[in-house]
Number of protein chains: 6
Amino acid sequence: MPFITVKILEGKTKEQKREFIKRVTEAAGETMGIPADKVFIFFEDLTPDNYGKHGQLYADMES
Amino acid sequence: MPFITVKILEGKTKEQKREFIKRVTEAAGETMGIPADKVFIFFEDLTPDNYGKHGQLYADMES
Amino acid sequence: MPFITVKILEGKTKEQKREFIKRVTEAAGETMGIPADKVFIFFEDLTPDNYGKHGQLYADMES
Amino acid sequence: MPFITVKILEGKTKEQKREFIKRVTEAAGETMGIPADKVFIFFEDLTPDNYGKHGQLYADMES
Amino acid sequence: MPFITVKILEGKTKEQKREFIKRVTEAAGETMGIPADKVFIFFEDLTPDNYGKHGQLYADMES
Amino acid sequence: MPFITVKILEGKTKEQKREFIKRVTEAAGETMGIPADKVFIFFEDLTPDNYGKHGQLYADMES
């Protein structure tokens, strides 16, 4: 505990995710006293075709 | 706000998703007074091998 | 199918949710040919103390 | 009802998922009196690059 | 791993949930070879006012 | 984007959540170049009666 799900637009690199996991785990420890081995983080990569914003498909907003 | 996740069997077209996003965003505005730029919609495509119903794998029910 | 989760700030009335369910179910039928009895919708009411935006607790942004 | 989401490391076989669906549906019936046609199960396959544990990317822990 | 979320209509007893956790954990072990200490289960109690089915608010279907 | 859901045992204070939001938003900016106004964080407080671990109800493990 905690279990953290990160829904994010596809394209983030392994290195970026590695760093983000490190920083979030540190934050959980320093702000809520949670040991690193209790922090679980899941990324969900979202494609532009599966994301809607402002009433539009994100893929349409990009083109 | 709101953040809307739509878990649905894979195979819906881009056009269907585009239309659904439009209609749901309109519905959020007309029924709950939420402006379009505050409505976020995420599709999660489910494969028949990853979906269970009636105690069975959906892929088995199709074959 | 589909299973739709609506994460939204607490305070929407029963009537607003009733109407939104009706409209979203209609939209699923008319845009993706999904019968009403296959559409499941779940609301998750979010309290201002449990919602962070722009690096702040939403409750702080309201006060 | 219930709607059960199973977030699990990728690699489980179709046969394993088939058996797990069967057993969980039986469990819902025998412990909570829920008929099989009301139990919906969704698997979410997690890749090692999208999973963080102990402050690290799971993919790094495997290598 | 796995992380299992069970979205279910409110009202299930502690005893029912206790038994369901036991059975699902056993099933994960026997069908997918997963040790009990790696299985995490979360219940999400759904109220009739926050659940839509067949285009209606579940609370209306009950009355 | 990103949309971050934090499922955590109930009892964390407003101050702890405020600090965690701040730190996670900073981390998203510094590791993935995401501006603060694009980061949304949702806490889901889990009660001991609704959490299963090691085949047991967490509430039973506490007593």
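Residues numbered from 1 in each chain as written. Chains lettered and ligands numbered in written order. Predicted model: local features only at pLDDT ≥ 70, side-chain atom pairs only at ≥ 80, totals over all residues. Heavy atoms only, no water.

As named in an unreviewed UniProt entry, chain A is Tautomerase, taken from Paenibacillus zeisoli. According to the UniProt record, the Sequence similarities (unreviewed entry) comment for chain A is "Belongs to the 4-oxalocrotonate tautomerase family." (UniProt positions renumbered as here; feature names shortened; annotations may be inferred.)

**Q** Quick question: what am I supposed to make of the arrangement of the chains here?
**A** Of all C-alpha pairs spanning chain A and chain C, none lies closer than 13 Å, and the two are not in contact. Chain D makes no contact with chain F; the smallest distance between any of their C-alpha atoms is 13 Å. (Contact = heavy atoms within 4.5 Å.)

**Q** Would you explain empty space enclosed by the protein in this entry?
**A** Here the idea is plain: a probe the size of a water molecule rolls over the atoms and shows the empty space left. Per the counting criterion, the structure on display carries 1 cavity of 30 Å³ or more. Empty space within the largest cavity amounts to approximately 670 Å³. Taken together, 32 residues make up the lining of the largest cavity; nearest its centre are E44(A), E44(C), E44(D), E44(E) and E44(F). A class-by-class count of the residues in the lining of the largest cavity yields 14 nonpolar, 6 polar and 12 charged. (1 Å grid on protein atoms, 1.4 Å probe; cavity = no way out; pocket = protein on both sides within 12 Å on 5 of 7 lines; lining within 4 Å. Points joined across faces, edges and corners; volume = space filled by probe spheres on them. Nonpolar A, V, L, I, M, F, W, Y, C, P; charged D, E, K, R; others polar.)

**Q** What should I look at first to understand the interface of chain F and chain A in this one?
**A** A common way to express how large an interface is: the accessible area buried when the components associate. On the side of chain A, 24 residues touch chain F, which itself brings 24 residues to the contact. Interface area for chain F against chain A, summed over the two sides, is near 2,300 Å², with a carbon-plus-sulfur share of 71%. Interface area lost by chain F to chain A is led by M1(F), R23(F) and M32(F), which between them contribute 28%. Of the charged contacts, one joins R23(A) and E30(F) as a salt bridge, the two residues approaching to 2.8 Å between their closest N and O atoms. At the level of elements, strand 1 (3-9) and helix 1 (14-32) of chain F are the ones that each hand at least two residues to the side of chain F that touches chain A. Considering every element that reaches the side of chain F that touches chain A, the biggest residue donor is helix 1 of chain F, with 11 residues. Class assignment for the residues of the side of chain F that touches chain A results in 15 nonpolar, 3 polar and 6 charged. (Buried area = accessible area lost by both parts, 1.4 Å probe. Salt bridge = Lys/Arg side-chain N within 4 Å of Asp/Glu carboxyl O. Helix = DSSP H or I, 4+ residues; strand = E, 2+ residues; numbered from the N terminus.)

**Q** Could you clarify how one ought to interpret the nonpolar core in this entry?
**A** Buried together is how nonpolar side chains tend to be arranged in soluble globular proteins. Counting 137 residues, the largest nonpolar core has F20(A), F20(B), F20(C), F20(D), F20(E) and F20(F) as the members making the most contacts within it. Setting aside chain neighbours within four positions, we find F20(E) in contact with I4(D), V24(D), A27(D), A28(D), T31(D), M32(D), V6(E) and F43(E). (Core = buried A, V, L, I, M, F, W, Y, C linked by side-chain atoms within 4.5 Å. Buried < 20%, exposed > 50% of the residue type's maximum accessible area, 1.4 Å probe, protein only.)

**Q** I keep staring at the relation of the copies chain F and chain E and nothing clicks. Help me out?
**A** These two copies of the chain differ by a rotation about an axis and a displacement along the same axis. After a rotation of 120° and a shift along the axis of 0.0 Å, chain F superposes on chain E with an RMSD of 0.0 Å. The superposition operator between the copies reduces to a three-fold rotation axis. In terms of proximity to the rotation axis, the leading residue of chain F is E44(F), whose C-alpha is 5.6 Å off the axis. A low fraction, 7%, of the interface residues of chain F reappear at the interface in chain E, so the copies pair through non-equivalent surfaces. (Least-squares fit on C-alpha atoms with pLDDT ≥ 70 in both.)

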